[in-house]
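Results of the structural survey
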Amino acid sequence: MIYDMGLQDSLYGVTFECPPEALAEKQKIVRCIMEGKNYSSAEIDTVFRTAKAQGKSLYYVEEEKLQAIAPDIIFTQDTCEVCQIDTKCTAAAVAKLPRRPEIIPLTPGNLDDVYATAITIAKALGREEAAYTYLGALQKRTAAILDKLRHHNMPLKRVLLMEWIDPIYNCGHWIPFQIAQAGGIDMLSNPGGDSITIGWDKIRKYNPEVVVIAPCGFHLSRAKEELHLLTRHEGWETLAAVENDQVYVCDFDCFTQPSPSTLVDGIELLAALFHPQLFTVPLALKHKTSRVALTPAVNI
C-alpha cells in the first residue's frame, strides 16, 4: 500500500513477503524459518498448526538491522498469525530498541476495513490526501462493475473460492466481499472472519457453479502442482463447475494479499470469470489465472 500511494520514500524496512520492488530497494527486517523450503500443502499446514499449538512463531526479526534503521513508526498486523509476524512478536523486538517507535497494528476484517487501512497508513505518514486519491480511483473501477451487473440484472453465480487445497479451506475476511462485488456469492465462506477447513461432502452438496482455487501464498505455477489433490475426490467430475468448465486456478495475490489495488484487481478478475459475457480478464491479469479441467490446466 505504501508503494501504491507513492509513499515509499518513508519506508526503510520490509518483510520477506513484500513485493519484488520493495525487496530490491529496502532492508529485509522480518524473516520466516520457512523461507526457501518446498513443502507440500499438507506439510505446510502441519508445520503451522504445530507451531500454533506450541505457542511458537515461525517469524523472527533481524534485530541489528532494525536497530540500524531506528524507525519512528512500525506497521504490523494481527489479521492472520499464519501469514505474517504479529504485533506481539514485533513488540518483543522493539522493546530492545534504545528509542521506542510508535507501533500501529493493521487488522482489516472486511473489504471496507482494507480501504480504511490505506487511510491509517497515509495519515500516520502525514500524507492522508494520498490515500483518498488512491482509493477514489479504485472505487471508480469497482463501481463500473456493479453498475454493469445491475444494468444487465445479472443473477449471482454460486461460487466456491478455496484458500488452501490440502486440507481444503474456505475463504474468509474480505474475499467474500470481493466475490459479491464481482457478481457472485460464496455460501461456504466466512465473511469478515478466518478461513476454516471444510469437508468434501459439504462441497458436493453445495455444488458450486464456479470454483476458484487460490491457495494463500501460492502463485499460479505452484498452485497447479497440487490440483491432482482436488481431482481425486469422489464426485469431483460431477460438480456443476467441472461439468460446465468453470474451474479456475488464480494467483494468491489477487485475494490474500490485502492491498486495495490488488484486491480490486481480484474483483475485476472474478467478474470476468463469473460473467464472461459482460467482462473480459484485463490484459495485465491474464497471467494470473488458468482454466482447469480434469485434464491439465491450460491458459485462458
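Our subject is the structure listed above.
Okay, so let's go over this structure. What you are looking at is a predicted structure, and each value in this text was computed from that prediction instead of being measured. (Residues numbered from 1 in each chain as written. Predicted model: local features only at pLDDT ≥ 70, side-chain atom pairs only at ≥ 80, totals over all residues. Heavy atoms only, no water.)

Topic: the packing of aromatic side chains
- All chains considered together, the criterion is met by three aromatic pairs.
- Here Trp164 and Phe218 contribute two aromatic rings whose centre-to-centre distance is 5.1 Å and whose plane-to-plane angle is 50°, an arrangement assigned as tilted. In this pair, Trp164 sits in the loop between β6 (157-162) and β7 (172-173) while Phe218 sits in the loop between β10 (210-213) and α9 (220-224), placing the two residues 54 residues apart along the sequence. Across this residue pair, the class does not change: Trp164 and Phe218 are buried. (Phe/Tyr/Trp six-rings, centres within 6.5 Å; stacked < 30°, edge-to-face > 60°. Helix = DSSP H or I, 4+ residues; strand = E, 2+ residues; numbered from the N terminus. Buried < 20%, exposed > 50% of the residue type's maximum accessible area, 1.4 Å probe, protein only.)

What about helix α12 (residues 260-274)?
- Between its first and last C-alpha, α12 extends 21 Å over 15 residues, near the 21 Å set by a 1.5 Å rise per residue.
- Taking burial as the measure, the 15 residues of α12 include 14 buried ones, the bulk of the element. (Expected span 1.5 Å × (residues − 1).)

Describing a nonpolar patch on the surface
- Together, Leu156, Ile185 and Met187 make up a nonpolar patch on the protein surface, roughly 310 Å² of accessible area in all.
- Its location among the elements puts Leu156 in the loop between α6 (128-151) and β6.
- The class for Leu156 is exposed, based on a relative accessible area of 51%. (Patch = residues over 30% accessible without salt bridge, like charges linked within 9 Å, V, L, I, M, F, W, Y side chains within 5 Å. Areas by Shrake-Rupley, 256 points an atom, 1.4 Å probe, with all protein chains shown as cover. Salt bridge = Lys/Arg side-chain N within 4 Å of Asp/Glu carboxyl O.)

By themselves, these are just geometric observations and shouldn't be taken as functional.
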